[in-house]
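# Residue-level structural notes
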Amino acid sequence: MDYHFSFNLFSGIVRDIKGLEMGTFYNEITGNLKGVQISGLLNKTTGTAAGLQVAGLTNLSGNIKGIQAGGITNHSRSVHGIQAVSYTHL
């Protein structure tokens, strides 16, 4: 089942998103993302993330086709787009 919108107060797991998933702590998609995934801490997409993943700490995806913006790290098997982190060590 595809979801077009998912809001997770603490954490949530869905199969596929074609739209927007937002959560305060943890979002997990066991299939594919086509759209935007935003979390305060961690986003995980098992399949392909096509679009934008934004997380306070880290983003995980099987493949990224778009942008991963993480506070500390981003992880993906293959990247067709941009991975950016905001962590700086002085």
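Above: the structure in question.
These figures come from a predicted structure and were not determined experimentally. (Residues numbered from 1 in each chain as written. Predicted model: local features only at pLDDT ≥ 70, side-chain atom pairs only at ≥ 80, totals over all residues. Heavy atoms only, no water.)

The next subject is the overall build of the chain. Counting its secondary structure elements, the chain contains zero helices and eight strands. Starting at the N terminus and walking to the C terminus, you meet the elements of the chain as β-β-β-β-β-β-β-β. Relative to its length of 90 residues, the chain is compact, with a C-alpha radius of gyration of 12 Å against a globular reference of 12 Å. Its C-alpha atoms put the chain at 45 × 30 × 15 Å along the principal axes. The proportion of buried residues among the 90 residues of the chain is 36%. Considering only intrachain contacts with a sequence separation of at least 6, the fraction spanning at least 24 residues in the chain is 0%. (Helix = DSSP H or I, 4+ residues; strand = E, 2+ residues; numbered from the N terminus. Rg over C-alpha atoms; globule rule 2.2 N^0.38 Å. Buried < 20%, exposed > 50% of the residue type's maximum accessible area, 1.4 Å probe, protein only. Contact = heavy atoms within 4.5 Å.)

For the structure on display, the rule yields two salt bridges. For K18, the salt bridge identified is with D2, shortest N-O distance 3.3 Å. A residue pair is termed long-range when its members are at least 10 positions apart, and K18 in strand β3 (residues 16-23) and D2 in strand β1 (residues 2-8) qualify at 16 residues. Between R15 and D16 there is a salt bridge whose closest N-O contact spans 3.8 Å. When its relative accessible area of 45% is taken as the criterion, R15 is described as partly exposed. With a relative accessible area of 13%, D16 lands in the buried category. (Salt bridge = Lys/Arg side-chain N within 4 Å of Asp/Glu carboxyl O.)

For the rest of this paragraph, the subject is the nonpolar core. Formed by V14, I17, I29, L33, A49 and I64, the largest nonpolar core amounts to six residues. Those residues in contact with L33 that lie beyond four places of it in its chain are I17, T45, T48, A49, A50, L52 and Q53. (Core = buried A, V, L, I, M, F, W, Y, C linked by side-chain atoms within 4.5 Å.)

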